[in-house]
Amino acid sequence: MKFFVDTANLKEINEARSLGILDGVTTNPSLISKESLSSQKEIQDHYMSICSLLRNEEDVSAEVISTNYRDMIKEGEKLSFIHPRIVVKIPMTQDGIKAIKYLSNKKIKTNCTLVFSTGQAILAAKVGSNYVSPFIGRVDDVSYDGLDLIREIKNIYNNYHFRTKILGASIRHSLHIIECSKIGIYAVTSPMKVIYSLLNHPLTNIGLEKFLTDYKNKMN
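These lines cover the structure that appears in this document, whether it is placed above or below. (Residues numbered from 1 in each chain as written. Predicted model: local features only at pLDDT ≥ 70, side-chain atom pairs only at ≥ 80, totals over all residues. Heavy atoms only, no water.)

### Focus on unusual backbone geometry
Operational definition: A helix here means a DSSP run of H or I that spans at least four residues, while a strand means a run of E at least two residues long, and both kinds are numbered starting from the N terminus. Classification of residues uses two cut-offs on accessible area relative to the type maximum, computed with a 1.4 Å probe and protein chains only: under 20% is buried, over 50% is exposed, and between them is partly exposed.
Positive phi is not limited to glycine here, since K107 has a value of about 65 degrees. Here K107 is to be found in the loop between α5 (94–105) and β5 (110–115). Overall, K107 belongs to the exposed group, its relative accessible area being 76%. Of note in this structure, S170 is not a glycine but carries a positive phi near 55 degrees. Here S170 lies in the loop between β7 (165–168) and α9 (174–183).

Listed below in structure tokens is the structure:
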């Protein structure tokens, strides 16, 4: 399973790269707004900086802020011109589905975001989206099981040999990542703090402390 980092912060992306787990980056308008960018030129330059931190095979999802079909495809084309690694992130709406179909026909890679149901995921695959991003944590928030949603989508995609890759989003804790790996989806996209939580286990800390104590006692 691949690890995408859900951030627009260059420092966090560098941290993921130095940790050795960076397979891609996803951004959204909320994450971009945190980076104090004041113009479209600065946003484009920031995307270029993100892409420069990645290897050739890694993707960077850049989301449109338009909500109607015509503006989505214009903005999507502009985003795709920034760098070959850019994947155009499109929201799951009627106009969004039409835009994904258009961009897919133009061989522009897309990521269908804000997916909360199996039906939405089917539509995204039908129109050729490269990625679909079901929001696991937000589904949990409304008293449904986000991981069950992932299982259903994976099963249906397998049934019909859809090529759309499942990118588990809205990752809240380490168990989300572990369960997604059991289900066998392509990737998760997660904040760095959740990825770091995979490192932690109390027995590891206790064991390390004992090893070092035993060693120091022996040397003394």
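So, next bit.
### A look at the packing of aromatic side chains
Filter applied, for reference: Stacked, edge-to-face and tilted labels apply to pairs of Phe, Tyr and Trp rings (six-membered ring for Trp) whose centres lie within 6.5 Å, assigned for plane angles under 30 degrees, over 60, and everything in between, in that order.
Evaluated as defined, the whole model comprises six aromatic pairs. A centroid spacing of 5.5 Å and a plane angle of 55 degrees characterise the contact between F116 and F135, whose relative ring orientation is tilted. Taken together, the residues F116 in the loop between β5 and α6 (118–126) and F135 in the loop between β6 (131–134) and α7 (136–141) connect sequence positions 19 residues apart. Owing to a relative accessible area of 9%, F135 belongs among the buried residues under this scheme. Aromatic ring contacts, followed pair by pair, group F4, Y131 and Y186 into a single cluster.

### Regarding a nonpolar patch on the surface
Cut-off, in case you're wondering: Here the term patch refers to residues with relative accessible area over 30% and no salt bridge, with like charges joined within 9 Å and nonpolar side chains (Val, Leu, Ile, Met, Phe, Trp, Tyr) within 5 Å. Surface exposure here means Shrake-Rupley accessible area, sampled with a 1.4 Å probe, where a residue is shielded only by the protein chains that are shown. Think of a salt bridge as a Lys or Arg side-chain nitrogen and an Asp or Glu carboxyl oxygen that are within 4 Å of each other.
Taken together, L19, Y196 and L199 make up a surface patch of nonpolar side chains, about 270 Å² in accessible area. Within the secondary structure, Y196 is located in helix α10 (residues 192–197). For Y196, a relative accessible area of 32% translates into the label partly exposed.

### A few points about the packing of helix α4 (residues 69–82) against α5
What counts here: What counts as an axis is a line fitted to C-alpha atoms, over the stretch in contact for a helix, and the angles between N-to-C directions run from 0 to 180 degrees. Roughly parallel covers angles under 35 degrees, roughly antiparallel covers those over 145, roughly perpendicular covers 65 to 115, and oblique covers all other angles. Crossing handedness follows the turn of the near helix against the far one: under a right angle anticlockwise gives a left-handed crossing, and clockwise gives a right-handed one. Throughout, a contact is declared for two residues whenever any of their heavy atoms are within 4.5 Å.
Across the interface, α4 lies against α5 with an axial gap of 9 Å and an inter-helix angle of 40 degrees. Compared by their axis directions, α4 and α5 come out oblique. Relative to α5, α4 is oriented so that their crossing is right-handed. Contacts between α4 and α5 pair Y69, M72, I73, G76 and E77 from the former with D95, G96, K98, A99, Y102 and L103 from the latter.

### Observations concerning the side chain of T118
Within the secondary structure, T118 is located in helix α6. T118 sits in the buried class, given a relative accessible area of 14%. Sequence-distant contacts of T118, defined by excluding residues within four places in its chain, comprise L149, E152, I153 and I156.

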